[in-house]
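Architecture and fold: a report
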Amino acid sequence: MAEAYIVGAVRTPVGTRKGALKDVHPADLGAHVLKELVDRTGADPSAVEDVIMGCVTQVGPQSLDIARTAWLSAGLPEGVPGVTVDRQCGSSQQAIHFAAQGVLSGTQDLVVAAGVEQMAMVPIGSSVTMAMEKGMPFPYGEGWAERYGMQEISQFRGAQLTAEKWGFSRRDLEEYALESHRRGIKAIEAGYFDREIAPIAGLTQDEGARPDTSLAKMAELKPLREGWDITAAVASQISVGASALMIASEEAVRRYDLTPRARIHTLAICGSDPVYMLTGPIPATEKALSRAGLTVGDIDVFEVNEAFASVPMAWAKDTGASLDRTNPNGGAIALGHPLGATGGILMTKLLHELERTGARYGLQTMCEGGGQANATIIERL
């Protein structure tokens, strides 16, 4: 049976909306990690068969197939193509899936999976806003209205509905968020991320974690809507960043003298309720574990994107997974969520944490717009 190996994984530090990376062009962000990936692996860049890059808001400086633009901006060979994918917040995790599937199918040997999002320069929702300003309808048409009505469909409402359904109070959510910051700060201070980060624009570490935050400060914030439990404190941060991984076949490992660091063990994807939107990681995790013949107890480290605190909390409650082994070095609430880049960032973090601790299995899953989720299991080698 064919195997797909991760032979390299790198990311930028995650910048804040007003931080050190706010003026870096997204193509240059992507170029930075692509060049760093090639340098670190020692791979022949002309041997790369495709560059698959996740990016959610593909307008303005993130338009015109930024995968291709970033590769060329890095000064890498013109003969290598690129394609940009959008599975909302899971875009670069989906890029990893596509890259692995190309290798597992035997049709490709060396593929780069990457992601980028410049949320300081291209705000979330820009594509929808631009369309509506030109008089175009919101992206839900008559068929949607017949099925779901014209109720509000948003990640914010989904986060609130999830908190209500699973019985989480505002205090519960804030306690989770505070722990995310605590873990993130500890990891930064201990240097856990140093090996995986490629510094850029003078930034050497993630900017978002707040050592001075507290439950008292969180309690002062107004909810996103009157009567809700969701506040900015329990939501992921608007961020800037990029990530890149190299996926190789056994033949590529031999031919180019690459070092396999983990194998892609299992891939899963599923749809879920588009109104709740954020609960897909629950069935995606169950599907991945079933397909892998593993249990929750077999997984050493989980990375579950903290779009909102209610997402990993509901996920853990339903799957029975331990929050002690989930996002052990903090998540998006503390460290940020540059949409299209986050899937690759989480996988890079997961790989390095398995290597740091000597653990075997890691599982990553993310909620995604439209009610979807990817789940990926890797095995450290």
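Scroll up for the structure.
Residues numbered from 1 in each chain as written. Predicted model: local features only at pLDDT ≥ 70, side-chain atom pairs only at ≥ 80, totals over all residues. Heavy atoms only, no water.

This next bit is on the nonpolar core. Counting residues in each nonpolar core, the largest one holds 46 residues, and the members touching the most others are Leu-173, Ile-299, Phe-302, Phe-308 and Ile-377. For this core, the secondary structure elements donating two or more residues are α6 (155–166), α7 (170–190), β7 (262–271), α10 (281–292), β8 (301–304), α11 (310–319), β9 (361–368) and β10 (372–380). When neighbours within four sequence positions are excluded, Phe-302 is seen to be in contact with Val-296, Trp-315, Ala-321, Arg-325, Thr-326, Asn-327, Pro-328 and Leu-363. Core analysis: the second largest hydrophobic core is formed by 39 residues, Ala-47, Val-48, Trp-71 and Leu-110 among them. (Core = buried A, V, L, I, M, F, W, Y, C linked by side-chain atoms within 4.5 Å. Buried < 20%, exposed > 50% of the residue type's maximum accessible area, 1.4 Å probe, protein only. Helix = DSSP H or I, 4+ residues; strand = E, 2+ residues; numbered from the N terminus. Contact = heavy atoms within 4.5 Å.)

Another point: the pattern of salt bridges. If the charged atoms of two oppositely charged side chains come close together, the side chains can form a pair. Scanning the entire structure with this criterion turns up 19 salt bridges. Taking the shortest distance from any N to any O, the salt bridge between Glu-3 and Arg-263 comes out at 3.4 Å. Residue Glu-3 is located in the segment before β1 (5–11), and its partner Arg-263 is located in strand β7; the two are separated by 260 residues in the primary sequence. Accessibility assignment for this pair places Glu-3 and Arg-263 in one class, buried. Note that Glu-355 is salt-bridged to Arg-195, the shortest N-O span being 2.9 Å. Taken together, the residues Glu-355 in helix α13 (residues 339–357) and Arg-195 in the loop between α7 and α8 (215–219) connect sequence positions 160 residues apart. Overall, Glu-355 belongs to the partly exposed group, its relative accessible area being 25%. A network of salt bridges, in which partner residues are shared, links Glu-3, Arg-263, Arg-360 and Glu-379. (Salt bridge = Lys/Arg side-chain N within 4 Å of Asp/Glu carboxyl O.)

When you line up the elements, Thr-231 lands in the loop between α8 and β6 (239–248). Take Thr-231: its relative accessible area is 0%, and that puts it in the buried class. Not counting the four nearest positions on each side in its chain, Thr-231 is found in contact with Arg-170, Leu-221, Lys-222, Pro-223 and Leu-224.

Of note, the phi angle at Asp-65 is positive, near 60 degrees, even though the residue is not glycine. Along the chain, the position of Asp-65 falls in the loop between β3 (50–54) and α2 (66–73). In this structure, Met-277 is a non-glycine residue whose phi angle is positive, near 65 degrees. Relative to the elements of secondary structure, Met-277 occurs in the loop between β7 and α10.

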